[in-house]
Amino acid sequence: MRISQKLEKKINEQITEELWSANLYLSMSFYMASQGYSGFAAWLKAQSIEETEHAHQFAEYLITRNGVALVDKLDVVPQGWGTVEEVFENVYKHECHVSEAINELMTLAIEEKDYASQDFLYTFVREQVEEESTSEELLTRIKQAGPHGLFYLDKHLVRAANA
Ligand SMILES: [Fe+2]
Ligand SMILES: [Fe+2]
């Protein structure tokens, strides 16, 4: 059964949201690299790639359900932040915002009794639990770190990215 036009529209909006997230993390990655934090930069670059992958997953699902997947215009992302803590404060906040968007999608799928979409969306409900938890944990470590700790945390993330 073809996906409803309402869900199709909302999933396309989610594709835009995921691609915007990819650009947001890329912008943060560039900023961290410019500040000399190559580990935080590598972590954010990996996140950016993951967000692009989410956009693909939504698009593939739409196409499988005979919908049309679109690449829409993206708003410009912020280009500068302050401290490392501020950057990761924003990562965590953004992930919470994305979780709300996924929940809204799920609400619509439930209203429409579209069980296939509900099943598909649960992957992202679980993914967001993971994303919120990972970014919150990193934020906590950054807050506890102090200048020296921050240096070592960054180096640790360089090694993790190269492993
Ligand atoms: Fe995502
Ligand atoms: Fe994410």
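Anyway, here's the lowdown on the structure attached to this text. (Residues numbered from 1 in each chain as written. Chains lettered and ligands numbered in written order. Predicted model: local features only at pLDDT ≥ 70, side-chain atom pairs only at ≥ 80, totals over all residues. Heavy atoms only, no water.)

**A look at the coordination of the iron ion (ligand 2)**
Then step 1. Protein coordination of the iron ion (ligand 2) is provided by Glu51 (OE), Glu95 (OE), Glu95 (OE) and Glu131 (OE), with donor distances spanning 1.9 to 2.6 Å.
Then step 2. Around the iron ion (ligand 2) sit 4 donor atoms; with metal-centred angles ranging over 53 to 146 degrees, the donor geometry is irregular.
Then step 3. Between the iron ion (ligand 2) and the iron ion (ligand 1) the interatomic distance comes to 3.6 Å, and glutamate 51 is a ligand of both metals. In this pair, glutamate 95 sits in helix α3 (residues 84–111) while glutamate 131 sits in helix α4 (residues 115–162), placing the two residues 36 residues apart along the sequence. Take glutamate 95 and glutamate 131: they sit in the same class, and that class is buried. (Donors = N, O, S within 2.8 Å, 3.2 Å for Na, K, Ca; no water. Tetrahedral: all angles 85-135°; square planar, octahedral: opposite > 155°, others 65-115°. Helix = DSSP H or I, 4+ residues; strand = E, 2+ residues; numbered from the N terminus. Buried < 20%, exposed > 50% of the residue type's maximum accessible area, 1.4 Å probe, protein only.)

**Some words on the coordination of the iron ion (ligand 1)**
Then step 1. Every protein donor of the iron ion (ligand 1) is listed here as Glu18 (OE), Glu51 (OE) and His54 (ND1), and their distances to the metal cover 2.1 Å.
Then step 2. Along the chain, the residues that donate to the iron ion (ligand 1) are spaced as E-x32-E-x2-H.

**Side note on the packing of aromatic side chains**
Then step 1. For the coordinates displayed, the defined rule picks out 9 aromatic pairs.
Then step 2. Centroid distance phenylalanine 151 to tyrosine 152: 5.3 Å. Interplanar angle 85 degrees. Geometry classified as edge-to-face.
Then step 3. The exposure class of phenylalanine 151 is partly exposed, given its relative accessible area of 43%.
Then step 4. One aromatic cluster in this structure is built from Tyr37, Phe40, Trp43 and Phe88. (Phe/Tyr/Trp six-rings, centres within 6.5 Å; stacked < 30°, edge-to-face > 60°.)

**Some points on the environment of valine 87**
Then step 1. The topology assignment puts valine 87 in helix α3.
Then step 2. What makes valine 87 buried here is its relative accessible area of 0%.
Then step 3. Each residue touching valine 87, except ones within four places of it in the same chain, is listed here: Met28, Tyr31, Met32, Leu44 and Trp81. (Contact = heavy atoms within 4.5 Å.)

**Some points on the nonpolar core**
Within soluble globular proteins, side chains that are nonpolar generally end up buried alongside one another.
Then step 1. Ranked by internal contacts, the top residues of the largest apolar core, which has 21 residues, are Met28, Met32, Phe40, Leu44, Val87, Phe88 and Ile142.
Then step 2. Those elements giving two or more residues to this core turn out to be α1 (5–34), α2 (38–64), α3 and α4.
Then step 3. For this core, the leading source of residues is α4, giving 6 residues.
Then step 4. Beyond its immediate stretch of four places on either side in the chain, phenylalanine 40 contacts Met32, Val84, Phe88, Ile142, Leu150, Leu153, Asp154 and Leu157.
Then step 5. In this structure, Val98, Ile102, Leu108 and Leu121 belong to the second largest nonpolar core, which totals 19 residues. (Core = buried A, V, L, I, M, F, W, Y, C linked by side-chain atoms within 4.5 Å.)

**So, the pattern of salt bridges**
Then step 1. Here the structure, examined in full by the defined rule, presents 6 salt bridges.
Then step 2. Between lysine 9 and glutamate 13 there is a salt bridge; the shortest N-O distance is 3.2 Å. Within this pair, lysine 9 and its partner glutamate 13 are both found in helix α1, separated by 4 residues, close to a single helical turn.
Then step 3. By relative accessible area, lysine 9 is classed as exposed at 55%.
Then step 4. Across the salt bridge formed by arginine 65 and aspartate 114, the nearest N and O atoms sit 3.2 Å from each other. Residue arginine 65 is located in the loop between α2 and α3, and its partner aspartate 114 is located in the loop between α3 and α4; the two are separated by 49 residues in the primary sequence.
Then step 5. When its relative accessible area of 11% is taken as the criterion, arginine 65 is described as buried.
Then step 6. We classify aspartate 114 as buried; its relative accessible area is 9%. (Salt bridge = Lys/Arg side-chain N within 4 Å of Asp/Glu carboxyl O.)

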